[in-house]
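Commentary on secondary and tertiary structure
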Amino acid sequence: MFKLHTDSHPRLESSPGPWRCEAAVLTTEGTNAFNASIQQTLALMQKRLPGVKMKYLFLLWLGLLLGSWGLYVHYSSYSELCRGHICQMIICDRYKKGIISGSACKDLCEEKTLLFQQCLSSSPMHQVYGGIWRNKEVIIKCGIEEAFRMDLNPETLPRKDLILFDKPTRGTSMDEFKEMLLTFLKSSLGDQQSLGNLVNRIISMADINQDNKVSLAEAKSIWALLQLNEFLLIVSLHEKEHTAQLLGYCGDLYVTEKILYHSLYSLKLPRFLDVALPSLVQKSLNQWFAPAWPQRAEITIGLLEFVEEIFHGTYGSFYICDTDPGNIGYNDKYDFKMVNLRMVVTEMTLKGFYKGRHCEHNIDCTHGKDCTATCDKLVKQCNTELIQPNLAKICGLLQEYLLYGAPNDFRDELQKHLQICTRLNGLARQMEVHHSLLLNNIKTLLWKKISNSKYS
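Remember, predicted model here, so these are calculated numbers, not experimental data.

1. With respect to the side chain of Thr 374
Here Thr 374 is to be found in strand 11 (residues 371-376). The buried category is assigned to Thr 374, whose relative accessible area is 13%. A distance of 2.9 Å separates the side chain of Thr 374 from the side chain of Asn 383, its partner in a polar contact.

Now the structure itself:
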């Protein structure tokens, strides 16, 4: 420290020793004066802010530091999560080459009236954006997973096109294409009697110009879309009011209506905060930002209707394999809407997943987050029967969502029904009867309450 001080004053270098000692004394006195100034400042802060302890100020500073770091980590991955310009480039390249077709292609690639706006992606492989189309807010989903795994050199695009849009091939007749679709739907949804009607609907969707013919580009586009689980679910559940309405597509990019609230709670935390915040803090935030209880009851009734619809639907049974509140939303009229169908899977998908799967415990037989089957410990393979049906998992979610703020005069009865519901066993012999009875009991209980003039 002394050498650094004397270097800044060359005249002291040739001076006798006493000068150096005096410099040291001056420096020490300056340090003491600085420390005294800090102590005075801290004393003044404590005097003016008697209720604020210095440790709390430190914790506040630490919280700001951690929050800033979390924001940095979150936005540093933005370029990976948000590649809308690349998605549009690849889709329009294929459209201009005549490889793909779709009702949204002209607006996206020629007229530029389908616009990407805010990025909503949670994974680089599942590109999701809010956008504008025909003066209406929409959701744009880009399903070109293979394109995002490659280097984005335009010279490699034709090779990838051959892989992604490889079916049907040139020369395929309409009857052959219908048979292709029927075989695919049987393997995906099961051998349902109503599949013929679904094939006709898909053919109608593929025929963009309504000339009663399906071109090769139209057929390739609809075939690629059907390989995406969520699109298959949207088409299969199109008659239901609890899924987002399909508005259009181009290749394997598709556009749906925007659901105003895309979480069961009004507040949807960013992923880094969801991980960082303690569960009690998250619970409090959810309660503060949740709709009023009568509106939560309305949303719940819609959710229960959806569970009923997919239990044994027109095109088979479907299972909710992730009951995260962020997958469940509602509109401005508090009508329930399923925001994310990617983790709703068909019965055939689950059977294919479990077939021959090695296991030691039940947890080894888990698809997604919430679809767990039993493990046969003798043969060490998974069975295909789920431990919990959809209703039991949803009732577990509703206990926290619905009981908070519920009217006191029927809260205990509602809690009793939900507790019985969460114990519903997917392996019970009379499970279907119990399932319908419990579901209808909860719906009736809620309807009676919110139909009362006090809650209408």
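2. Let's talk about the pairing of strand 4 (residues 246-250)
Here strand 4 runs beside strand 5 (residues 253-257); their pairing, made up of four bridges, is antiparallel. Along strand 5, the bridge assignment pairs Leu 246 with Thr 256. Linkage of strand 4 to strand 5, two consecutive antiparallel strands, is achieved through a turn of two residues, within which Gly 251 is found at a positive phi near 60 degrees.

3. Description of the sheet that holds strand 10 (residues 366-367)
Either a parallel or an antiparallel arrangement is found when strands of a sheet pair, and the pairing is made through backbone hydrogen bonds. Across the sheet, three strands lie side by side as 10-11-12; this open sheet has antiparallel pairing. The strands lining the two open edges of the sheet, one partner per strand, are strand 10 and strand 12 (381-386). Sheet analysis places strand 10 next to strand 11, joined by two bridges and oriented antiparallel. Residue pairing in the sheet places His 367 in a bridge with Cys 371 of strand 11. Helix 16 (residues 347-354) rests against strand 10, strand 11 and strand 12 of the sheet, and its axis sits at about 160 degrees to strand 12.

4. Regarding the sheet that holds strand 1 (residues 114-119)
Across the sheet, which stays open at both edges, the five strands sit in the order 1-2-3-5-4 with antiparallel pairing between neighbours. Each of the sheet's edge strands pairs with one partner strand only, and the pair in question is strand 1 and strand 4. Each strand axis lies, on average, 30 degrees off the axis of its neighbour in the sheet, ignoring direction. Relative to strand 2 (residues 127-133), strand 1 runs antiparallel, the two being bridged by four bridges. What sits directly across from Cys 119, in strand 2, is Tyr 129. Across the sheet, helix 5 (residues 84-96) touches strand 1, strand 2, strand 3 (136-142), strand 4 and strand 5, and the angle it forms with strand 1 is around 155 degrees.

5. Focus: the environment of Leu 182
By secondary structure assignment, the location of Leu 182 is in helix 9 (residues 174-189). Sequence separation between Leu 182 and Asn 200 is 18 residues; the distance between their C-alpha atoms is 9.9 Å. With residues near it in sequence (within four places) discarded, Leu 182 still touches Leu 195 and Val 199.

What counts, and where the lines are drawn
Residues numbered from 1 in each chain as written. Predicted model: local features only at pLDDT ≥ 70, side-chain atom pairs only at ≥ 80, totals over all residues. Heavy atoms only, no water. Helix = DSSP H or I, 4+ residues; strand = E, 2+ residues; numbered from the N terminus. Buried < 20%, exposed > 50% of the residue type's maximum accessible area, 1.4 Å probe, protein only. Polar contact = N/O pair within 3.5 Å; in protein donor to acceptor, adjacent residues only side chain to side chain. Pairing = 2+ DSSP bridges. Contact = heavy atoms within 4.5 Å. Axes fitted to C-alpha atoms, helices over the stretch in contact; angles between N-to-C directions.

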